[in-house]
Amino acid sequence: MQFPEYRPRRLRRTESLRRLVRETHLTVDGLIYPMFIHSGKEARPIPSLPGQSQLSVEGAVKEAEECMRLGVPAVILFGVPPEEKKDAVGSYAWNDEGLVQHACRAIKKATPDLTVILDACFDEYTSHGHCGVVLEGDVDNDATLENLARLALSYGRAGCDVVAPSGMMDGQVGMIREALDEEGFAETAILAYSAKYASCFYGPFREAAGTASGFGHRRGYQMDPANGHEAVREVALDVGEGADIVMVKPALAYLDVIARLREETDLPIAAYNVSGEYAMLKAAAERGWIDHDRAVLETLLSIRRAGADMILTYHALEAARLLGR
Ligand code: PBG
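Residues numbered from 1 in each chain as written. Predicted model: local features only at pLDDT ≥ 70, side-chain atom pairs only at ≥ 80, totals over all residues. Heavy atoms only, no water.

> What is the right way to look at the nonpolar core in this model?
Among the nonpolar cores identified, the biggest contains 82 residues, and Met35, Leu77 and Ile107 are the most heavily contacted of them. With 27 residues, the next largest nonpolar core counts Ile32, Ile117, Val162 and Val274 among its residues. (Core = buried A, V, L, I, M, F, W, Y, C linked by side-chain atoms within 4.5 Å. Buried < 20%, exposed > 50% of the residue type's maximum accessible area, 1.4 Å probe, protein only.)

Encoded structure:
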């Protein structure tokens, strides 16, 4: 038997050797915790996202304080408005007294050092569940942009740190940047959902956020899961329009896209470990088919290894607890 000269197993022999050669480190620093804000007083558990609930504003403040205790640096908020607030264009989204605006103010007051990101999209607020203004059966790009500018300003007034447009409208980053700059919010950052795919893995989110199933599909504005080069073009556009952070969503079926964008841009990259990814892990763990805690950490580590600097994940709090052990 001719042994190879280089024997990789030498460096795997002990834990201290493994620590010495470890390339990727998962820490709490890059974790972003998504929260759903509803108008009820009680937390309402979300069946398809075990461990997650729709929260009242007070409940969200408590979770924000828990983030601070555990060292999770950021939250992203989604509104779950009552049905009667929904209309054809989603105008409740840019109401300064809306749920998300209230929650943002309350969180910034209680935990000023926690970064608050607000998701800028209309699907939670429209009666049809699409991400913008529907004209002649299709989401109209430019009419939706006008409303996105209104939304971003309302978020700026609510004092958020980061606005995150997720509707995949062309020009959304530039429109929001311009609106923010003109109204004195030059310091408000933009996290662009640059490569957001038309994915089946958003299923549980749509239950969590109560978005109407509506008509049709989102393949006319979200990206085709078959496309990788197009993600590079989308990121270039968003960078040109003033994005501060770019995002790939979902994460796990798109690790190649994350790795590729890592080569293409020096901006921070975020990845969204979406609701369906969380639900799959929870379901398998509930059945005893995988080790829950190890699966959580391995999943998040793999997204970091692919090249993401930060991860939006429903696992954020439990991962922070696991990492703190
Ligand atoms: C749109 C939005 C969606 C998610 C985040 N922002 C849903 C969609 O496009 O259908 C999905 C997040 C998840 O699945 O965890 N406002």
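Having seen the structure, we can now continue with the description.
> How should the layout of surface pockets be read in this particular structure?
The probe, sized like a water molecule, is rolled over the atoms to show the empty space still left. When its volume is computed, the largest pocket comes out at roughly 300 Å³. Contributing to the lining of the largest pocket are Arg22, Glu23, Thr24, His25, Leu26, Leu297, Glu298, Leu301, Arg305 and Leu323. Among the residues making up the lining of the largest pocket, the classes are represented as four nonpolar, two polar and four charged. (1 Å grid on protein atoms, 1.4 Å probe; cavity = no way out; pocket = protein on both sides within 12 Å on 5 of 7 lines; lining within 4 Å. Points joined across faces, edges and corners; volume = space filled by probe spheres on them. Nonpolar A, V, L, I, M, F, W, Y, C, P; charged D, E, K, R; others polar.)

> So what exactly am I meant to see when it comes to the pattern of salt bridges here?
Opposite charge on two side chains lets them pair, provided their charged atoms get close. As enumerated under the stated definition, the model contains 13 salt bridges in all. Here Asp244 makes a salt bridge to Arg177, at a shortest N to O gap of 3.9 Å. One end of the pair, Asp244, is in the loop between α7 (229-241) and β10 (245-249); the other, Arg177, is in helix α5 (residues 172-182), and 67 residues separate them in sequence. What makes Arg177 buried here is its relative accessible area of 13%. (Salt bridge = Lys/Arg side-chain N within 4 Å of Asp/Glu carboxyl O. Helix = DSSP H or I, 4+ residues; strand = E, 2+ residues; numbered from the N terminus.)

> When you look at the site of the ligand in this model, what are you seeing that I'm missing?
Taken together, 19 residues lie around the ligand, and Lys196, Arg206, Lys249, Ser275 and Tyr314 are the ones closest in. Between a nitrogen atom of the ligand and a side-chain N or O atom of Asp123, the distance comes to 2.7 Å. Protein chains bury 100% of the 400 Å² of accessible surface belonging to the ligand in isolation. When atom positions are compared with the pocket grids, the ligand is found to occupy the largest cavity. Put simply, the parts of the chain that give the shell around the ligand at least two residues each are β9 (189-196) and α6 (203-208). (Near = heavy atom within 4 Å. Polar contact = N/O pair within 3.5 Å; in protein donor to acceptor, adjacent residues only side chain to side chain. Areas by Shrake-Rupley, 256 points an atom, 1.4 Å probe, with all protein chains shown as cover. Sits in = over half its atoms within 2 Å of the grid points.)

> What am I meant to see in α7 here?
Each turn of an α-helix holds 3.6 residues, which means side chains three or four residues apart point in the same direction. In this model, α7 (13 residues) spans 19 Å end to end at C-alpha, consistent with the 18 Å of a helix rising 1.5 Å per residue. Turning to α7, its buried residues number three or more, namely Ala231, Val232, Glu234, Val235 and Asp238. Across the axial projection of α7, the buried residues extend over an arc of 165°, all falling on one side. Among the exposed residues of α7, those oriented more than 90 degrees off its buried face are His229, Arg233, Leu237 and Gly240. On its buried side, α7 packs onto α5, β9, β10 and α8 (255-264). Backbone geometry just after α7 places Gly242 at a positive phi near 110°. (Expected span 1.5 Å × (residues − 1). Arc of directions from axis to C-beta. Contact = heavy atoms within 4.5 Å.)

> Quick question: what am I supposed to make of the pairing of β9 here?
Along any regular strand the residues' side chains alternate between the sheet's two faces. Within β9, eight of the eight residues are buried, leaving the element largely enclosed by the surrounding structure. When strand β8 (residues 162-165) meets β9, the two strands line up parallel, connected through two bridges. Pairing of Val162 across the sheet is with Ala189, part of β9. On the question of chirality, the crossover connecting β8 to the parallel β9 by way of α5 is right-handed. Here β9 pairs with β10 via four bridges, running parallel. (Pairing = 2+ DSSP bridges. Right-handed = clockwise from strand over helix to strand, strands pointing away.)

> Sorry if this is basic, but what is going on with empty space enclosed by the protein here?
Counted according to the given criterion, the structure contains one cavity of 30 Å³ or more. In this structure, the largest cavity encloses a volume near 130 Å³. Around the largest cavity sit 16 residues that line it, and Asp123, Lys196, Tyr202, Phe205 and Lys249 are the ones nearest its centre. Contributing elements (two or more residues each) for the lining of the largest cavity: β9 and α6. For the lining of the largest cavity, the class distribution of residues is seven nonpolar, two polar and seven charged.

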